[in-house]
Amino acid sequence: MPEEAHARGNGRVVIEPGAVALSTWREILRQPPVIFLAPGAHAAMDASHRTVRDLIATGRPIYGVNTGFGKLASVRIDDAKLVELQRNLILSHCAGTGELLDDALVRLILVMKANALAQGHSGVRWQLVDALLTLANAGVYPCIPAKGSVGASGDLAPLAHMAAALIGVGDMRHQGRVMPAVEGLGRAGLAPMTLDPKEGVALINGTQVSTALALHGLFLAEDVLRAALVTGALALEACRGSDVAFDARIHAVRRHRGQQVVAAVYRDLLAASPIRAANRGNLKVQDPYCLRCQPQVMGACLDTLRHIGDVLASEANAVSDNPLVFATDADVLSGGNFHAAPVAFVADMAALAICEIGSMSERRQALLVDASLSGLPAFLVENSGMNSGFMIAQVTAAALTSENKMLAHPASVDSIPTSANQEDHVSMACHGAYRLMQMADNAATIVALEWLAAAQGVDFLRPLTPAPPLAEATRRLRQEVAHLDDDRFLAPDIAAAKRMLLAGALADLVTLPLVTNR
């Protein structure tokens, strides 16, 4: 993975092409800084663009420069029409559909595309890269439909909508208002561009949309995992479970790094628990798997997210368009770096991890509401029968868990030939990554429901209190959501807990470095 090579200060990020850290991508997505290209980056782009110009002059056929595209690659285009060819490419490929990607994702895509083009293997002018960063910094975003990419040859349709905005076609959005692209460009201090030979194909070839979506899913998955460690420990306290299963010796002999790290997190969360101290002689020999096997399952999720981070760190810094320019050799080569199989595979892995985080959480909620297993009042409420308590809250968790199981079906195993069988194997990375947002949102709701249920459970054990970090987790929740004495309209409680969770209300309670903090 490339080392972090950017400078921060007063909301500034300086990007060294091909060496952007995961933590920087997260910052660009969530806390938009002002982005600059590192000094000296123009030289590689100038050499690459000059190479394309020189090769055109020799009469050599170059795919997508003086030929048609896809199945039409054998059609030679007259030199006088090369600029028109690039414009036609963009217009014809603007075939996306569905909801528009939100501004934060489009900003990430713009910067990621600039990072790829600036490495000097795409044959574009530096002014094109500068325009992409200018739009990102001005908060003027091309309207990009979410659907229409099969993940090879790159994310053609969505990236064409991005490229169309640069030439003054389509729509853009600024501060929530959609406007014609020409107006949007003006707000950013730009004018519609005329694309040089190679620039259109460089803009729309590449995996930047799939990769941005997958990164967003990874960041969300990591947030939910960290919160679930806290709520899982709190659920164990409410059930008066044993901490023996978290003993370091057990996990050392299993050898998996994530499992050992997560077990240590649980030991920290559960240390000095008055509840467990008071019940030490009454603890079960073995708790149900949803309590006892948390390090094994959550550790596997952590290891999976770490691997996903490694792959996406490379892909986010990759040059993935076609053909590629090698200026030092005065050569242009056609290949297949646009095939998003690496992104598709890890998007499927992320879906599995997100699904499992939610699944374990839902099982703990089922345990909490079952009086015969938890030893707590039925459905976590006094006067049950008159009150239904958390009965349907657990049903909601079950519904979201099953929805995530359906969404976790792998996308990468599917392929449909396109472009008259020229592009006969595709990755399906884009929609494989796009679903991660919905899955993570579902999982966040499930874990928020567990936070509510587990806090309700430990309330019944007073005057005993959980371990200090878990007592703090309960205190924070109670600042927004009161204990459930009798049935009430529950939806606002769920919404408040989810909002707090996604805002990081539990994050500082976990002694676990961010997987993506690199």
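Structure report, in brief.

Analysis parameters
Residues numbered from 1 in each chain as written. Predicted model: local features only at pLDDT ≥ 70, side-chain atom pairs only at ≥ 80, totals over all residues. Heavy atoms only, no water. Helix = DSSP H or I, 4+ residues; strand = E, 2+ residues; numbered from the N terminus. Rg over C-alpha atoms; globule rule 2.2 N^0.38 Å. Buried < 20%, exposed > 50% of the residue type's maximum accessible area, 1.4 Å probe, protein only. Contact = heavy atoms within 4.5 Å. Areas by Shrake-Rupley, 256 points an atom, 1.4 Å probe, with all protein chains shown as cover. Patch = residues over 30% accessible without salt bridge, like charges linked within 9 Å, V, L, I, M, F, W, Y side chains within 5 Å. Salt bridge = Lys/Arg side-chain N within 4 Å of Asp/Glu carboxyl O.

Considering the overall build of the protein chain
Reasoning step 1: Looking only at helices and strands, one finds 20 helices and 10 strands in the protein chain.
Reasoning step 2: At 26 Å, the protein chain has a C-alpha radius of gyration in line with the 24 Å of a compact globule built from 518 residues.
Reasoning step 3: A principal-axis box enclosing the C-alpha atoms of the protein chain has dimensions of 85 × 50 × 50 Å.
Reasoning step 4: Out of the 518 residues belonging to the protein chain, those deemed buried represent 57%.
Reasoning step 5: Once local pairs closer than 6 in sequence are excluded, the contacts in the protein chain between residues at least 24 apart make up 77%.
Reasoning step 6: Element-wise, carbon and sulfur atoms account for 56% of the exposed surface of the protein chain, whose accessible area totals about 20000 Å².

Observations concerning a nonpolar patch on the surface
Reasoning step 1: Where nonpolar side chains cluster on the molecular surface, the patch consists of M391, I392 and V395 and spans about 240 Å² of accessible area.
Reasoning step 2: For M391, the position within the fold is in helix α17 (residues 391-407).

A closer look at the side chain of S48
Reasoning step 1: Along the chain, S48 falls in helix α2 (residues 41-58).
Reasoning step 2: Excluding residues that lie within four positions of it along the chain, S48 makes contacts with G120, H121, S122, G123, V124, V325 and A327.

Quick notes on the environment of I90
Reasoning step 1: Position of I90 relative to the elements: it lies in helix α3 (residues 82-93).
Reasoning step 2: On the accessibility criterion, I90 (0% relative accessible area) is buried.
Reasoning step 3: Separated by 114 residues in the primary sequence, I90 and I204 have C-alpha atoms spaced 7.7 Å apart.
Reasoning step 4: Look past the residues within four positions of I90 in its chain and what remains in contact with it is A160, A163, A164, I167, L195, G200 and I204.

What to know about the environment of L333
Reasoning step 1: Within the secondary structure layout, L333 lies in strand β10 (residues 331-333).
Reasoning step 2: Each C-alpha atom, one on L333 and one on P323, is 5.4 Å from the other, the two residues being 10 residues apart in sequence.
Reasoning step 3: Each residue touching L333, except ones within four places of it in the same chain, is listed here: N322, P323, L324 and F326.

Note that every value here comes from positions in space, so none of it alone points to a role or purpose.
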